[in-house]
Amino acid sequence: MAEYPVKLGVIGGSGVYEMEGVELVKQHDLETPFGKPSDKIMEVRLEGKTAYFLPRHGKGHRLTPSEVNYRANVYALKSLGVTHVLAVSAVGIMQEDIHPGDMVVPDQMFDRTKGQREASFFGNGVVGHIEFADPFDQEMLSLVAQAAKAKMGDKVHTGGAYVCIEGPQFSTRAESRHYRETLKPSVIGMTGLPEAKLVREAEMCYGMLALATDYDCWKEGADDVSVEAILAILKANSENAKAIVRQLISKLPEVSSSPNLEAAKFAIITSPDAIPAQRREELALLYGKYLG
Ligand SMILES: CSC[C@H]1O[C@H](OP(=O)(O)O)[C@H](O)[C@@H]1O
Ligand SMILES: Nc1ncnc2[nH]cnc12
């Protein structure tokens, strides 16, 4: 594996629409072959390191989880040279030992979205299949966990699965209990997929800092989830999340040789001479080096 210079991109979720405490260098207003990202991307600097920040739902929280243009977001970060993507996400809690205000660094995912989101850069004449057994990058997992533990100690839970539903409605009680009993996830959210799949297809590394906000609706004696309760927890915790992101930026290694940085090397099965010219152009940034 070659070594690649590391650059962090942060996708801020609910309650995390800005990055304070860093020097703002520039705002990138980008167009991609897949449309416009959710918002302008902020280029920031901290302790000599450059990083990029994009609010997933746009400033003012304008896009539902199904409306977010995940392809444009991921492509735009790639076009800026990002190698490592940190997703910051508000999540419902699915295990008794996790409490509102805790943070979780999941290591697996279940896809319970309903196909309303563009979930691949492939298609329309170019067929590719990437390996996705471990959606989160090992290196990112340990960097995020270290940064989170330095700030929050044993309020940080590492490992466990994130189940992604379509939303925007929260789950029924029957669904919530079913997920708990069958999938046994740690947390539940609405945005981790297809984001993680696209990050892998774009040969970047994905990690998540999940902010535990509510017990969804499975837990007897706890209030059922509401946006009001989520926002109250996020308000109390978003400064911690931002401090963890700053810690992560400052502690990033200079280079990485994660295999995920070459995830598409053997993924494309379509003969190069069968690929339509327009698709070749659209995918040049991502796969030009493999398409010849
Ligand atoms: C505001 S509650 C539901 C909303 O919050 C989570 O967003 P994100 O993952 O972007 O932090 C969840 O996925 C829903 O989109
Ligand atoms: N209970 C929940 N279900 C889905 N997404 C969430 N985001 C925060 N809480 C959630």
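Everything that follows concerns the structure shown earlier in this document.
Please read these numbers as outputs of a predicted model, since none were measured by experiment. (Residues numbered from 1 in each chain as written. Chains lettered and ligands numbered in written order. Predicted model: local features only at pLDDT ≥ 70, side-chain atom pairs only at ≥ 80, totals over all residues. Heavy atoms only, no water.)

Engineer: What exactly am I supposed to notice about the pairing of strand S5 (residues 49–55) here?
Structural biologist: For S5, a buried count of seven out of seven residues is recorded, marking the element as mostly surrounded by other parts of the structure. Here S5 shows a buried face lined by Lys49, Ala51, Phe53 and Pro55 and a second buried face lined by Thr50, Tyr52 and Leu54. By the bridge criterion, five bridges tie strand S2 (residues 8–12) to S5 in an arrangement that is parallel. Its bridge partner being in S5, Ile11 is matched across the sheet by Leu54. Looking at chain direction, strand S4 (residues 41–46) and S5 are connected through five bridges and run antiparallel. Bridging from a neighbouring strand, Met42 pairs with Phe53 of S5. Once S4 ends, the chain turns through two residues before running back antiparallel as S5, passing Glu47 with a positive phi of about 45 degrees. (Buried < 20%, exposed > 50% of the residue type's maximum accessible area, 1.4 Å probe, protein only. Helix = DSSP H or I, 4+ residues; strand = E, 2+ residues; numbered from the N terminus. Pairing = 2+ DSSP bridges.)

Engineer: What should I look at first to understand the layout of surface pockets in this one?
Structural biologist: Empty pockets left among the atoms are what a rolling probe the size of a water molecule brings to light. Its volume calculated, the largest pocket comes out at about 490 Å³. If you go around the largest pocket, you meet 29 residues; those closest to its centre are Ser14, Ala90, Phe170, Met190 and Ile230. The set of elements that each furnish at least two residues to the lining of the largest pocket consists of strand S6 (84–93), strand S10 (161–165), strand S11 (187–189), strand S12 (205–214) and helix H5 (227–251). Here the residues of the lining of the largest pocket are counted per class, giving 15 nonpolar, eleven polar and three charged. (1 Å grid on protein atoms, 1.4 Å probe; cavity = no way out; pocket = protein on both sides within 12 Å on 5 of 7 lines; lining within 4 Å. Points joined across faces, edges and corners; volume = space filled by probe spheres on them. Nonpolar A, V, L, I, M, F, W, Y, C, P; charged D, E, K, R; others polar.)

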